[in-house]
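The residues making up each chain are set out below.
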Amino acid sequence: MTESRVSTRRRRLPERPETRGESSVPSSTRRSAPPARGDRRSVWTRLDAIARNLWWSWNPDAAALFRYADPKLFHASTGNPIVVLRGLRAGRREQLEADLAFTTAVARVRGRLRDYLNEETWYDRTCRRARPGRIAYFCMEYALHESLPWYAGGLGVLAGDHLKSASDLGLPLVAIGIFWHKGYTRQRIDEDGNQHDRFPHLPVSDTPLRELRNRNRRPVTVQIQMGDDRVLAGAYRLEVGRIPLFLLDTDRPENLPRHRALVDVLYSGDRDMRIRQEMLLGIGGWQLLQTLRIPVAVYHLNEGHAAFASLERIREERNRGRTPFADALQAVRRTTVFTTHTPVPAGNEEFDPHLVSRYLWRYGRLIRIAHEDLEDLGRVKPGNKREPFGMTPLALRTAKYCNGVAALHGEVARRMWQRVYPREPVEKVPIGHVTNGIHLRTWLHPRMGTLLNEFLGEGWEDRQDDPARWAGIAEVPDGVLWKLHVALKHELVEACWRHPPHTARDPATPAAALDPDALTIGFARRFAPYKRAALIFTDPRRLARILNDRRRPVQIIFAGKAHPADADGKAIIRRIVRFSREPRFRGRVVFLEDYDMGIARHLVAGVDVWLNNPQRPREASGTSGMKPALHGGLNLSILDGWWPEACNGKNGWAIGRGKDHNDTPATDRRDADDLYRILERQVVPLYYDRDEDGLPHRWIARMKNAIATIPAFFNTHRQVKEYLTHYYVPAMRNAARAPQEVSNAAP
Ligand SMILES: *Cc1c(COP(=O)(O)O)cnc(C)c1O
């Protein structure tokens, strides 16, 4: 990653990126003569190559090319390079071809992408020993960029960030998911605060997906037996840097309509549909890897949705050489990693036994065990006929390497699933933890990136998980950091004024009254009720007093979607939107509709405070608070998920004393009370405590503390390396020791 330098997020090309030190422009492309004809054509080839690798999404110089090519189209398509390239008018194309600065920038970015794909990686340098195969990563959702709406929230963001770091580090990883034709809900909020759900169709031609075809140009397909039906799935390939992501698709004319509809909308439909979606992911994903002859050593099931992959693998083991069931199960376990993300029991996927019988009845026969024994694999207590079939027990039983996503969540998961290991005391339950992180470059505002280059030194990204690297932030003059922060906050408020994009500043909307200089609190995430988005409205009068202090104004920006079927989540949105329209909260409380990664990037770069108040311990990790910390935003959070590991008393604030929520209104009142008290006595006074130079030095000290202490650990480079050392490498060794595991794989 020698070339991953930052420039400011330039609205306009042409100009040299503000890289420090020597220019990254290869001298051969710095020509003064007009481009030759061949070059005119090659600019489009180069742009196409850039557009077809999601690497552009974490390299602002690359994204800037498409923005420059057609700013209107760029914004209208939520920053979709494929749509921009296709939609350019002939006149604009000619202009761009003749625009030497543009064609030069294109050649330079294309060169950087090529270097990125070819250079020796961290993995090459540190794990030189030949490994027996790839890591296959399965997940239901991936959040890679807002133009590819195949995610609902944190799980998808985590998976997307995992792939990007795996790419940067050079891990031999391939990923499996589903192509959601209509993505996830696009939220519209009406006058009364009701969420309306739209599911616009995103055609393949608007994406960088390539359909997989065999040598005869025929689509590659796999078959999944779902009960009595054979379902055919095709697949697409998406390049995420060095990592291929394969997305399965059942929308094919050969399939019954009910199976074609499987891939419409993420997390939609009834249980009958969900079990088939999970069969598609787990079983279809495994089939696809076989069909493509990709040698896989390790299977990583990211959340229980993909656990049917283990059944398919047991079947395969059994068929090969008539392996006894116990041995087949062991072979699968020793090479499977399972990450659980859900400390809420109801959030763990379960299926009625009748659905399992309907769709998996053949599996008992194929695996050559009784159907009851098959069902027992998904039960906490084998033999308990009333217990539904749980994907988490199935995953735990078929994976040797299991983990939660924060230290606290590891503990909770061990307690929660202890009954699956009746012989183990709770502290011996084999569920560890790898604390989540974020892909720093994806979430880093380019201007902050420039500052980090200057004070941490070029190449800091390669050492981002070294805390010593981040100490350099102490050297930033207070005025410099503050000036940047104020600029990013202005950018945020301006983005809110123009939200939804493309609208002029409408003085009638609450957002128009936002004040770029007021203390700004952000709250944005899925509106799952346990996250208690409306907690801060527990005492509206007290809140109004805090927000409307004339000399010390405070404003809160909310964003987030409720699941389309979640009436409680929608009621919370309605409540907040209605508050935002009351005169006492006008311009002080704003709800931005249709939360996505793009809005998230603006928010996390510009807010002063990031609020998080879930019912402890229901937030497995949470990652959103790691994003503002990278920009000096201060977390104000319940001690849940990742925050107990990060909070040192100087890089943010803890709400409450780390007691669990006991589902009584009294606990909500207690937490709300603490939240108000911290705002009144600490946050607001500290923010408005200015010295003679106009700077809040004590606040800035906290900002620096947050930057120095949080991103160094809460990044996906560190996360991916932990998965590698604790789980992937041991599982790879097991795979190497069990030759039958990989014998059918082509080189
Ligand atoms: C980071 C992020 C999340 C995760 O938020 P949590 O507070 O961790 O639940 C969800 N959605 C988007 C768009 C994000 O960027």
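Below: a short report on this structure. These numbers were taken from a predicted model, which means no experiment stands behind them.

Examining the nonpolar core
Step number 1: Counting 137 residues, the largest nonpolar core has Phe138, Leu171, Phe308 and Tyr728 as its most contacted members.
Step number 2: In this view, Phe308 contacts Ile275, Glu278, Met279, Gly282, Ile283, Leu360, Phe389, Met391 and Leu394; residues no more than four positions away in its chain are not counted.
Step number 3: One finds Val493, Ala562, Leu592 and Leu611 within the second-largest nonpolar core, a separate group that totals 99 residues.

What to know about the site of the ligand
Step number 1: What surrounds the ligand is a group of 14 residues, the closest being Arg525, Lys531, Thr623, Ser624 and Lys627.
Step number 2: One of the side-chain nitrogen or oxygen atoms of Arg525 is found 2.9 Å away from an oxygen atom of the ligand.
Step number 3: Relative to its unbound accessible surface of 390 Å², the ligand loses 96% to contact with the protein.
Step number 4: When contributions to the shell around the ligand are tallied by element, the ones reaching two or more residues are helix H8 (154-169) and helix H23 (597-606).
Step number 5: Considering only residue class, the shell around the ligand consists of five nonpolar, five polar and four charged.

With respect to empty space enclosed by the protein
Step number 1: Summed over the entire model, instances satisfying the criterion amount to two cavities of 30 Å³ or more.
Step number 2: The volume enclosed by the second largest cavity comes to roughly 30 Å³.
Step number 3: If you go around the second largest cavity, the residues you meet are Ala51, Trp56, Asn80, Pro81, Ile82, Ser147, Leu148 and Pro208.
Step number 4: Taken together, the residues of the lining of the second largest cavity break down into six nonpolar, two polar and no charged.

Brief notes about the environment of Asn216
Step number 1: Checked against the element boundaries, Asn216 lands in the loop between strand S5 (210-211) and strand S6 (221-226).
Step number 2: Considering only alpha carbons, one finds Asn216 and Ile573, 357 residues apart in sequence, at a separation of 52 Å.

What counts and how
Residues numbered from 1 in each chain as written. Predicted model: local features only at pLDDT ≥ 70, side-chain atom pairs only at ≥ 80, totals over all residues. Heavy atoms only, no water. Core = buried A, V, L, I, M, F, W, Y, C linked by side-chain atoms within 4.5 Å. Buried < 20%, exposed > 50% of the residue type's maximum accessible area, 1.4 Å probe, protein only. Contact = heavy atoms within 4.5 Å. Near = heavy atom within 4 Å. Polar contact = N/O pair within 3.5 Å; in protein donor to acceptor, adjacent residues only side chain to side chain. Areas by Shrake-Rupley, 256 points an atom, 1.4 Å probe, with all protein chains shown as cover. Helix = DSSP H or I, 4+ residues; strand = E, 2+ residues; numbered from the N terminus. Nonpolar A, V, L, I, M, F, W, Y, C, P; charged D, E, K, R; others polar. 1 Å grid on protein atoms, 1.4 Å probe; cavity = no way out; pocket = protein on both sides within 12 Å on 5 of 7 lines; lining within 4 Å. Points joined across faces, edges and corners; volume = space filled by probe spheres on them.

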